[in-house]
Amino acid sequence: MIMTSGQGHHSLRIGRRSFAGQVYLLTTVTYLRRPYFLDADVARLVARSLSSPERWFPSRCLAWVLMPDHWHGLVELGDDETLAVAMQRMKGVTARLTGIHDRQVKPLWAKGFHDRALRRDESVRCAARHIVANPVRAGLAETVKDYPYWDACFMDQEGAVEGFD
C-alpha cells in the first residue's frame, strides 16, 4: 500500500469508534522498538504507574504486561472517554516519569497504537491470561509468576491469580 501525505496512524483510526463499557486489547511499542524496559528501574517506574487505577480513570485497565519494547493491555473504556484519550494519558504520564528518571529515555513511545475490541463471545479472563503470558511465550520467564512487570485485576490478596499457574 502506498501512503500519501495525510495518511498514517491517524488515517487508520478513521471510522473507528470508542464505546463506553467495551473491552479492548491494546498494544503500543516503544520509540524505534528500543528495549527501554530491560532497565529494571525504568520498568518498575512504568509498572507502578500502569497499576494505578487513577492512571486509567474513568476507564479501567483489567490486565497489562510490559515487555522489553512494548506494552499490551486489556482496557474497559469508561464513560465520556475515547481510546485515543486513554492511551494518550497513559503514554504521556509514563513518558514524563521516565524522562524525569532518565533523560536518555526520550521519546519513550512510538506514535499510535493497535486496538481490537473484544467480541461478546470472548472471555475477558482468557484475554487477560493471554496478555500476561506473553513473557513466557517470548522466553523471558519460565512462568507468569517469574516475570515482574504485569498486573491483572483478577489477582487475589496473596498475589495468586486464578487460572494463571
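A short tour of the structure in this document, coming up. (Residues numbered from 1 in each chain as written. Predicted model: local features only at pLDDT ≥ 70, side-chain atom pairs only at ≥ 80, totals over all residues. Heavy atoms only, no water.)

Right, let's talk about the sheet that holds strand β2 (residues 60-66) for a bit. On the basis of which strands lie adjacent, the open sheet formed by five strands has the order β4-β1-β3-β2-β5 and antiparallel pairing. Two strands in the sheet have a free side with no partner beyond their single neighbour: β4 (114-117) and β5 (150-152). Averaged over neighbouring strand pairs, the angle between their axes works out to 20° when direction is ignored. Pairing of strand β1 (residues 23-29) with β4, which is carried by four bridges, proceeds in the antiparallel orientation. Bridge pairing in β4 links Y24 to A117. This element, helix α2 (residues 40-50), spans β2 and β3 (70-76) of the sheet and lies at about 165° to β2. (Pairing = 2+ DSSP bridges. Helix = DSSP H or I, 4+ residues; strand = E, 2+ residues; numbered from the N terminus. Axes fitted to C-alpha atoms, helices over the stretch in contact; angles between N-to-C directions. Contact = heavy atoms within 4.5 Å.)

Quick look at the pattern of salt bridges now. In the structure shown here, the tally under the stated rule is seven salt bridges. One salt bridge connects D69 with R33, and the closest N-O pair in it is separated by 3.1 Å. Placement of the pair is D69 in the loop between β2 and β3 and R33 in the loop between β1 and α2, with a sequence separation of 36 residues. Overall, the relative accessible area of 17% leaves D69 in the buried class. Note that R44 and D41 form a salt bridge whose closest N and O atoms lie 2.6 Å from each other. Taken as a pair, R44 and D41 lie in helix α2 at a separation of three residues, close to a single helical turn. A residue is classified by how much of its surface remains accessible, and R44, at 38% relative accessible area, is partly exposed. (Salt bridge = Lys/Arg side-chain N within 4 Å of Asp/Glu carboxyl O. Buried < 20%, exposed > 50% of the residue type's maximum accessible area, 1.4 Å probe, protein only.)

By size, the foremost hydrophobic cluster in this structure holds 43 residues, and its most contacted members are L26, F37, L50, L66, W71 and L74. Looking at this core, the elements with two or more residues in it are β1, α2, β2, β3, α4 (83-101), α5 (124-132) and β5. In this structure, F37 is in contact with T30, V42, A43, V46, L66, M67, P68, L108 and W109, ignoring residues within four places of it in sequence. (Core = buried A, V, L, I, M, F, W, Y, C linked by side-chain atoms within 4.5 Å.)

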